Amino acid sequence: MPECSHYCEGAAQLALGAGFFRPESRPSRDLGVLLAGVLGEGALAEGPEPAADLSVLDLMAGCGIRSLRYGLEAGAQLVWANDADIDRLPWLRRNLLPLVERGCRLQSTALTAQNLLARGLLAQRRFGVVDLDAFGCPSALVAPALEAVSFGGVLYLASTDGRSPTGHDRRSAIRSLGAAARAHPASWELALRLQIAVVARAAWALGRGIRPLFSFSEGRTFRTAIQLLRRPAAREEEQLGLLAHCHGCGEQFSQSLLTLRQWPLCGCSAEHCSDGAGAGPATPLSISGPLWLGPLQHAPTLAAMQQRAEGLPAAWLARSSRRLLQALHDDPGLPVRCWPMAELARRLAGGPPATDALLAALRAEGYVALRSGVMAGQFRCNAPWPRLLELAAALNR
Ligand SMILES: C[S@@+](CC[C@H](N)C(=O)[O-])C[C@H]1O[C@@H](n2cnc3c(N)ncnc32)[C@H](O)[C@@H]1O
Ligand SMILES: [Zn+2]
C-alpha cells in the first residue's frame, strides 16, 4: 500500500488511498452522519417499537470515510463497509480500525453491491441506514437496497447521472427512470423528484411506504434520504404525477396520475385560441414524469438534525452543511411549481423584483410562496402565473 497523507473530516482521520474521493462532497457526508445520529437516538421511530442498535451498510464506501464517521459520530454499533474495488479493502480495514477499538461490530468486504445485497436478502439482514453513494444512476439497485433497510430506516441515495433526469438525454431517462424528463427551469429539483419516484415505485411494489427526509443537489450529484415505512401513508399514491412547463409563457401545471385529465390552457395557448388561430396549444407543454409531487424535505427530521448538531463539536459540521440544513429546513419542497427569479426578469421590463417583496405580496393574497432550498435564486408558489407576473410587474413600477 503506498503511503498517503491523512485527511481529517468531522471526527475522522484517515488515509484516502488512490481511489475516488471528493472533499467537496463533505455536506453530503455531514448530513448523512447527522441523520444517522438522529435515527440512532430513536427520534425517527414510527411506533412503539424500541429503537434498535444503529446499524449501517455502506455499499460503495470508497476509502471508508462515511463508515468511519457513522461509527465515530453517529455512534453506529454495527458498520458494514463495502466497495467493489478490491484495492480499497486494505485501506478500508486500516482506516476503520478505530471502530473496532471502540467495540463497533465491523465488516469490510470487496463485493459488488448487487452481490452483497443478494446475500443480505438471503440472510434476511436489514440495516437502519443503507448508504448507496453510487457512480451514475442507481435505479437498478434501488429495490434490493430497500430490501436491506429496516422499517423506519433510511436509504441514503446518490446519483451522478445528471444528463437523463435534466432532459439532456430523454432516451436514457426512459431507460433508467422509466419517465419522461424534459428541460425545466428547476432542473435539479426535477431530477430529485424523478429519483424519489423510482424509490416510491420500488417501495410500493414491496408493499411499503416512503417519506423523503431531505433532498438536495449541487448540480452534479442528486442526493435523497428516504425513510422506509412499513406501509404507504393514506393517499401516498397521489404524490406520483406529472409536471408540465410551457416554454412560451412560463406557466407550469402539475397533475397526479390518479386524477389525470386534460391539461388546462396556459396563457399563450389561451391567447392563440381566442385569436381564432387554432384550437391546439401555441407552444406544446413540456411534460415530465411520472415524478414525485410530494414534499422533498421533512422539517421535523431536519430540526432534530439541527438540534443534534448543537450538542456536537462545531468542527463536525462544515459551515456550508449548516447553511444547507437551514435552507432545506425552511423549504419543504411544496408547492411543486418552481421558477428562477431570472425567468421573471426575462419576462418583465425592468428586471426581477426583490424576492422578499414578491414573496410577501404573494402571501398577502393567500398564496404559498417561498424561496427554494434546492436551487439558489429560485422560488416556489401556487399562484396562477399571470397573477404572479402582474404582482412582480407592479413591484417593479
Ligand atoms: C462515489 S464513490 C464513493 C465515495 C465514498 N462513499 C465517499 O463518500 O467518499 C463510488 C464507489 O463505488 C465503488 N463501486 C462502483 N461500482 C460498484 C458496485 N457495483 N458495487 C460496489 N461498489 C462499487 C467504486 O469503487 C467507488 O469507490
Ligand atoms: Zn404558454
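What you see is a predicted model, and the numbers here were worked out from it, not measured in a lab.

Undergrad: Looking at this structure, I do not really get the domain arrangement of the protein. What am I missing?
TA: Many descriptions give the size of an interface as the accessible area lost when the pieces come together. Examined at the domain level, the protein breaks down into domain 1 (6-233 + 295-329) and domain 2 (337-397). Listed by partner, the interface residues are 14 residues for domain 1 and nine residues for domain 2. Roughly 750 Å² is buried in total at the junction of domain 1 and domain 2, and carbon and sulfur atoms are behind 62% of that figure. On the domain 1 side of the contact with domain 2, Pro 185, Trp 188 and Glu 189 bury the most area, a combined 55% of that side's loss. Linking domain 1 with domain 2 are one salt bridge. In this structure, Arg 380 engages Glu 189 in a salt bridge whose closest nitrogen and oxygen atoms are separated by 2.7 Å. At the boundary of domain 1 and domain 2, one finds two residue pairs in polar contact (both at pLDDT 80 or more). Of all elements in the fold, only helix 8 (187-205), strand 8 (209-217) and helix 11 (319-329) reach the threshold of two or more residues within the side of domain 1 that touches domain 2. A per-element tally of the side of domain 1 that touches domain 2 places helix 8 first, with five residues.

Undergrad: Help me understand the site of ligand 1 in this model?
TA: Residues in close proximity to ligand 1 total 19 residues, the closest being Met 60, Arg 66, Asp 83, Ala 113 and Asp 133. With respect to ligand 1, the side chain of Arg 29 contributes an N or O atom lying 3.4 Å from an oxygen atom. Contact distances for ligand 1 include 2.8 Å between an oxygen atom and a side-chain N or O atom of Arg 66. Relative to its free-state accessible area of 600 Å², ligand 1 is covered by the protein chains to the extent of 87%. Elements that contribute at least two residues to the shell around ligand 1 include exactly helix 2 (65-72) and helix 5 (113-122). For the shell around ligand 1, the residue count by class is 10 nonpolar, four polar and five charged.

Undergrad: How should I be thinking about the pairing of strand 11 (residues 252-256) in this particular structure?
TA: Two faces belong to every sheet, and in a regular strand the side chains alternate between them. Taking burial as the measure, the five residues of strand 11 include four buried ones, the bulk of the element. Summarising the sheet, strand 10 (residues 240-245) and strand 11 pair through five bridges and their orientation is antiparallel. Looking across to strand 11, one finds that Leu 243 is bridged to Ser 254. From the end of strand 10 to the start of strand 11, which pair antiparallel, there are six residues, and Gly 250 there has a positive phi angle of about 95 degrees.

Undergrad: Which parts of the structure should I look at to understand unusual backbone geometry?
TA: Leaving glycine aside, a negative phi is the common case for residues, and trans is the common case for peptide bonds. For the peptide bond that leads from Gly 289 to Pro 290, omega is 5 degrees, which places it in the cis range. For Pro 290, the position within the fold is in strand 12 (residues 286-292). Cis geometry is found at the peptide bond from Leu 334 to Pro 335, where omega equals -5 degrees. Here Pro 335 shows up in the loop between helix 11 and strand 13 (338-340). In this model, Gln 124 sits at a positive phi of 55 degrees, which is unusual for a non-glycine residue. Within the secondary structure, Gln 124 is located in the loop between helix 5 and strand 6 (127-133). Residue Gln 124 is classed as exposed on the basis of its relative accessible area of 70%.

Undergrad: Please clarify how the sheet that holds strand 14 (residues 369-371) should be interpreted in this entry.
TA: Whenever strands of a sheet pair, they do so through backbone hydrogen bonds, lying parallel or antiparallel. Strand order across the open sheet formed by three strands is 13-15-14, with antiparallel pairing between neighbours. Whereas interior strands pair on both sides, the edge strands pair on one side only; in this sheet they are strand 13 and strand 14. The average undirected angle you get between the axes of adjacent strands in this sheet is 25 degrees. Bridging between strand 13 and strand 15 (residues 378-381) involves three bridges; their strand directions are antiparallel. Bridging from a neighbouring strand, Pro 340 pairs with Gln 378 of strand 15.

Undergrad: Sorry, what's going on with the environment of Leu 395 here?
TA: Examined against the element boundaries, Leu 395 turns out to sit in helix 14 (residues 385-396). Taking the C-alpha atoms as reference points, Leu 395 and Ala 357, separated by 38 residues in sequence, lie 7.7 Å from one another. Not counting the four nearest positions on each side in its chain, Leu 395 is found in contact with Pro 353, Ala 357, Leu 358 and Ala 361.

Undergrad: Sorry if this is basic, but what is going on with the environment of Pro 353 here?
TA: On the secondary structure map, Pro 353 appears in the loop between helix 12 (341-347) and helix 13 (355-364). With a relative accessible area of 6%, Pro 353 lands in the buried category. In the structure, Pro 353 is positioned 311 residues away from Gly 42 in sequence and 45 Å away in space, judged by C-alpha atoms. Residues contacting Pro 353, with those up to four places away along its chain left out, are Met 341, Leu 344, Leu 348, Leu 358, Ala 392, Leu 395 and Asn 396.

Undergrad: Would you mind going over the coordination of the zinc ion (ligand 2) with me for this structure?
TA: As a benchmark, a tetrahedral metal site with four donors has ideal angles of 109.5 degrees, while an octahedral site with six donors has ideal angles of 90 or 180 degrees. The zinc ion (ligand 2) binds to the protein through Cys 246 (SG), Cys 249 (SG), Cys 266 (SG) and Cys 268 (SG); the donor distances cover 2.2 to 2.4 Å. One can describe the donor arrangement at the zinc ion (ligand 2) as tetrahedral, given that its four donor atoms subtend angles of 101 to 119 degrees at the metal. Every donor residue of the zinc ion (ligand 2) comes from the same chain, spaced as C-x2-C-x16-C-x1-C. Within this pair, whereas Cys 246 is found in the loop between strand 10 and strand 11, its partner Cys 266 is found in the loop between strand 11 and helix 9 (267-274), the two being separated by 20 residues in sequence. Accessibility assignment for this pair places Cys 246 and Cys 266 in one class, buried.

Undergrad: Which parts of the structure should I look at to understand the pattern of salt bridges?
TA: By the definition in use, this model includes 21 salt bridges. The residue Glu 24 makes a salt bridge to Arg 22 at a minimum N-O spacing of 3.3 Å. Owing to a relative accessible area of 54%, Glu 24 belongs among the exposed residues under this scheme. Here Glu 390 and Arg 387 are joined by a salt bridge, their closest N and O atoms 2.6 Å apart.

Calculation notes
Residues numbered from 1 in each chain as written. Chains lettered and ligands numbered in written order. Predicted model: local features only at pLDDT ≥ 70, side-chain atom pairs only at ≥ 80, totals over all residues. Heavy atoms only, no water. Domains from an automatic or database assignment. Contact = heavy atoms within 4.5 Å. Buried area = accessible area lost by both parts, 1.4 Å probe. Salt bridge = Lys/Arg side-chain N within 4 Å of Asp/Glu carboxyl O. Polar contact = N/O pair within 3.5 Å; in protein donor to acceptor, adjacent residues only side chain to side chain. Helix = DSSP H or I, 4+ residues; strand = E, 2+ residues; numbered from the N terminus. Near = heavy atom within 4 Å. Areas by Shrake-Rupley, 256 points an atom, 1.4 Å probe, with all protein chains shown as cover. Nonpolar A, V, L, I, M, F, W, Y, C, P; charged D, E, K, R; others polar. Buried < 20%, exposed > 50% of the residue type's maximum accessible area, 1.4 Å probe, protein only. Pairing = 2+ DSSP bridges. Axes fitted to C-alpha atoms, helices over the stretch in contact; angles between N-to-C directions. Donors = N, O, S within 2.8 Å, 3.2 Å for Na, K, Ca; no water. Tetrahedral: all angles 85-135°; square planar, octahedral: opposite > 155°, others 65-115°.

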